[in-house]
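Spelled out from the first residue to the last, the chains are:
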Amino acid sequence: MPKILLIDDCADDRFLFSRSLQNPVSVGPIVEIEDGQKAIEYLQSESPPDFILLDLKMPLVSGFEVLEWIQGQPTLKGVPIVILSSSSIPKDIEKAKKLGAREYIVKEDYGAICKALADLKARYFGQAPPDMG
Amino acid sequence: VNTPHEKNYHSEHSAGFMPLKPILVADDDVNDLDIFRVRARKCEVKNPLVFVCDGDEAMAYLRKETPFESAETPSMVFLDLKMPRMGGLQFLAWMRTQPKPDFPIIVFSSLHDLNQMREAYQMGAHSFLLKPVEQREFCDFLEKFKGIEMSRCSF
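Residues numbered from 1 in each chain as written. Chains lettered and ligands numbered in written order. Predicted model: local features only at pLDDT ≥ 70, side-chain atom pairs only at ≥ 80, totals over all residues. Heavy atoms only, no water.

**Remarks on the sheet that holds strand 3 (residues 51-54) of chain A**
Residue and element names in this part refer to chain A. Note the following rule: In this analysis, strands are considered paired if DSSP registers two or more bridges between them. We count a stretch as a helix when DSSP gives it H or I for four or more residues in a row; a strand needs E for two or more, and each element gets its number in order from the N terminus. All axes are obtained by fitting lines to C-alpha atoms, using only the stretch in contact for helices, and the reported angles, taken between N-to-C directions, cover 0 to 180 degrees. Residues count as neighbours in contact if any of their non-hydrogen atoms are within 4.5 Å of one another.
Spatial strand order, 2-1-3-4-5: 5 strands in an open sheet with parallel pairing. Two strands in the sheet have a free side with no partner beyond their single neighbour: strand 2 (30-33) and strand 5 (103-106). Strand-to-strand twist in this sheet, taken as the mean axis angle between neighbours without regard to direction, amounts to 15°. Sheet topology places strand 4 (residues 81-85) next to strand 5; 4 bridges connect them, and they run parallel. Counted as the bridge partner of Leu84 is Ile105 from strand 5. Set on the sheet, helix 4 (residues 90-98) makes contact with strand 4 and strand 5; between it and strand 5 the angle comes to about 150°.

See below:
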């Protein structure tokens, strides 16, 4: 089963995202981490995840910094990273993609996020999973 | 780490015969019920559909009270949250006073209030199907459950 890393400082968002990914069947264990620094520490010490969901605006170490750090890690090459951010500023989207994010989901209303995550789940963990790198 | 919960409801493509238990849908909005009916017909769901209009009626159904004396235990229950008389959360609260059911309760609602969903989960909801539900989403969702007989629809 694929291991998913969910990095977001907002507990409500983590609840919603992990529930969406487990709805109605779990795709695999979801490791929830509430800031960028802890995410880096986790990635340094644990086996690499198969998928990363990453928030951008977090205290201490931001999602952008996490992306930059991941770029320098050969063991994490090819792990799909999807950004979930409240920012719809094109500059942020562009920057995240330049730093290796594969997709970018803007946090709008709850319903839209759930559907976007269900879609993500179908595409990455559905019947025909894409090349995971 | 979030561990998967209540996995026993899900289909594992068992070849054995299983009687088709009904799907109970509790919703006061006739449009939503119509959509549910159309979605189910499109994926040729063979299980009987039973529609009730609120938590009160769903409770009567499960208790086999008039007019539901011949009611069969459902394979799954779809539950709207906002309903007159008894809403979804109240229904879930009642369910908690009962022996643990062998069917999943699925929140069938739009999602405006995250706290409501959190509460529904705390009170035993298994998963959720968001309105407005698209055909593919509906099929993808339903086929994950055991005891449901359906065809994979083409879109």
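**Details of the confidence of the model for chain A**
Note the cut-off: Per residue, pLDDT measures the predictor's confidence, with a range of 0 to 100.
Per-residue confidence for chain A averages 93 on the pLDDT scale, and 95% of its residues sit at or above 70. Confidence drops under pLDDT 50 across residues 128-133 of chain A; counting only partners more than four residues distant or on other chains, this segment forms 12 contacts.

**Some details on the pairing of strand 2 (residues 49-52) of chain B**
All names here are of chain B. Which entries qualify depends on this criterion: For every residue, the accessible area (1.4 Å probe, protein chains only) is compared with the maximum for its type, and the residue is labelled buried under 20%, exposed over 50%, or partly exposed between those bounds. Assignment of crossover handedness uses the view with strands pointing away from the viewer, where a clockwise path from the first strand over the helix to the second indicates a right-handed crossover.
Of the two faces of strand 2, the one lined by Val50 and Val52 is fully buried and the one lined by Leu49 and Phe51 carries no buried residue. In this structure, strand 1 (residues 23-26) lies alongside strand 2, joined through 4 bridges in parallel fashion. Bridge assignment links Ile23 to a residue of strand 2, and that residue is Leu49. Note on the crossover from strand 1 through helix 1 (residues 30-42) to strand 2: the handedness is right-handed.

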